[in-house]
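Examination of the molecular architecture
Below, each chain spelled out in residue letters.
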Amino acid sequence: MVLHTLNAAPSSAAFRDCLKLVAPDDAVVLLGDGVYAALEGTAACDELRAAAAALFVLRADAQLAGIESPADGFGLIDMDDLVALTERFERQLAWY
Amino acid sequence: MGEAAKKPVLVVMRHSPYGSSLAKAAVDVALAAAAFEQAVDLLFIGEGVLQLLPGQESHKLGKKNIGRQLASLPLYDIELVYVDAEAALRYQLDIASSPVNAQLLGPQEMRQLMVGYDHLLGL
Amino acid sequence: MDALSAEAFDSEGFLRDLSLWNAAVAEQIAAAENLALTPAHWEVLELLRAYYHEYDSSPAMRPLVKYCAIHLGADKGRSIYLMSLFPGSPAKIGSKIAGLPKPDNCL
């Protein structure tokens, strides 16, 4: 179980590399430019859902980007929730 | 705690050697940990596989040669590194010419590999 | 040959311009460390320089021991042997005398 914090746009190398390593029992938190993967109907969104991990978007960053409601399957979380997630997952990888 | 005994640290090397200072930082971290007898393994993914290209000439830029530093890994008891097979193919990297013994892994194998470590460090 | 002036060395006694290194400079640095260089010292110093050229880095203790074992035999590839030649921190003091940068991973 790995917590992936994904702070990179869907077309970036970091985003591609992250997708390769996400396992079904992992969690992915989108932040920064990563939030654009929560746009419904995009390939990046479909690819993340196919990875079957728990998917989250940082609310403040999504709002900043103009994403009022993320795609189905993505949970909106606040910084407190992110901190709680980091406590729940013993291992983390940051993608940027 | 895991089912089986886990190894301490997997460093995920994912940046090209000279495009930023991140690859050098990753090599420094891996060597520092190994120098202090910490068991460390390395996984090269994406553009990180380019660190394994032979024949790097960094001296004209006044930079340390990442390829040659990686060649010293066996002296730190890191005998084998793991390499993203897709990226190796994309960049036509021949791992037989890599400065250190390398094993190619597919995505599923990489995900399985990661399960065996207490800590992951991505640089 | 004249000895190098104090400005040629950093605060820890490492040579600033590595191209200035030669055997006389090595003797000068060794003297500052209260060491008289013997053939046994030189054998290790030459190996340190070979290591630096091969791997583009000064070795920490662990790889230095292993490198000595490979090239000088198991008897000399031991930390106690290297400690007897370069008391304290063999990788650090040896690199200093060999005209190499300070190893990254030395306390």
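Heads up: the structure comes first, above all this text.
Residues numbered from 1 in each chain as written. Chains lettered and ligands numbered in written order. Predicted model: local features only at pLDDT ≥ 70, side-chain atom pairs only at ≥ 80, totals over all residues. Heavy atoms only, no water.

Once that is clear, we can look at the pairing of strand β2 (residues 40–44) of chain B. Residues and elements named next belong to chain B. Of all five residues that make up β2, five are buried, and the element is covered over most of its length. Judged by which residues are buried, β2 turns out to be covered on both faces: Val 40, Leu 42 and Phe 44 on one side and Asp 41 and Leu 43 on the other are all buried. Pairing of strand β1 (residues 7–13) with β2 involves five bridges; the strand directions are parallel. For Val 9, the partnering residue across the bridge sits in β2 and is Val 40. Handedness of the crossover joining β1 and β2 through helix α1 (residues 22–35) is recorded here as right-handed. The pairing of β2 with strand β3 (residues 81–84) spans two bridges and is parallel. Of the residues in β3, the one forming a bridge with Leu 43 is Tyr 82. (Buried < 20%, exposed > 50% of the residue type's maximum accessible area, 1.4 Å probe, protein only. Helix = DSSP H or I, 4+ residues; strand = E, 2+ residues; numbered from the N terminus. Pairing = 2+ DSSP bridges. Right-handed = clockwise from strand over helix to strand, strands pointing away.)

To continue, consider the interface of chain C and chain B. Listed per partner, the contact involves 16 residues of chain C and 21 residues of chain B. In total, chain C and chain B occlude about 1500 Å² of area from one another, counting both sides; carbon and sulfur atoms represent 47% of this. Between Asp104(C) and Lys64(B) there is a salt bridge, with the nearest N and O atoms lying 3.2 Å from each other. Viewed at the interface, chain B and chain C are joined by ten residue pairs in polar contact (both at pLDDT 80 or more). (Contact = heavy atoms within 4.5 Å. Buried area = accessible area lost by both parts, 1.4 Å probe. Salt bridge = Lys/Arg side-chain N within 4 Å of Asp/Glu carboxyl O. Polar contact = N/O pair within 3.5 Å; in protein donor to acceptor, adjacent residues only side chain to side chain.)

Residues and elements named next belong to chain C. Under the criterion given, the structure shown has four aromatic pairs over all chains. Ring geometry for Tyr 51 against Tyr 55: centres 4.8 Å apart, planes inclined by 65°, an arrangement best described as edge-to-face. Note that Tyr 51 and Tyr 55 are positioned in helix α2 (residues 39–55) at a spacing of four residues, about one turn of the helix. Between the aromatic rings of Tyr 51 and Tyr 67, the centroid separation amounts to 5.0 Å while the plane-to-plane angle is 85°, which identifies the pairing as edge-to-face. A residue pair is termed long-range when its members are at least 10 positions apart, and Tyr 51 in helix α2 and Tyr 67 in helix α3 (residues 61–72) qualify at 16 residues. By the burial criterion, Tyr 51 is buried, and Tyr 67 matches it. (Phe/Tyr/Trp six-rings, centres within 6.5 Å; stacked < 30°, edge-to-face > 60°.)

Time to look at the sheet that holds strand β5 (residues 117–122) of chain B. All names here are of chain B. With parallel pairing, the five strands of this open sheet are ordered in space as β4-β3-β2-β1-β5. Of all the strands in the sheet, the pair left with one neighbour each is β4 (102–105) and β5. Mean inter-strand twist for the sheet, computed between neighbouring axes without regard to direction, equals 25°. With five bridges joining them, β1 and β5 adopt parallel strand pairing. Residue pairing across strands places Leu 10 opposite Leu 120, the latter belonging to β5. Where α1 meets the sheet, its contacts fall on β1, β2 and β5, and the angle it forms with β2 comes to roughly 160°. Those strands touched by helix α4 (residues 107–115) are β1, β2, β3, β4 and β5, and its axis lies near 115° from that of β4. (Axes fitted to C-alpha atoms, helices over the stretch in contact; angles between N-to-C directions.)

Interpretation note: all reported values are geometric properties and have no functional meaning in isolation.
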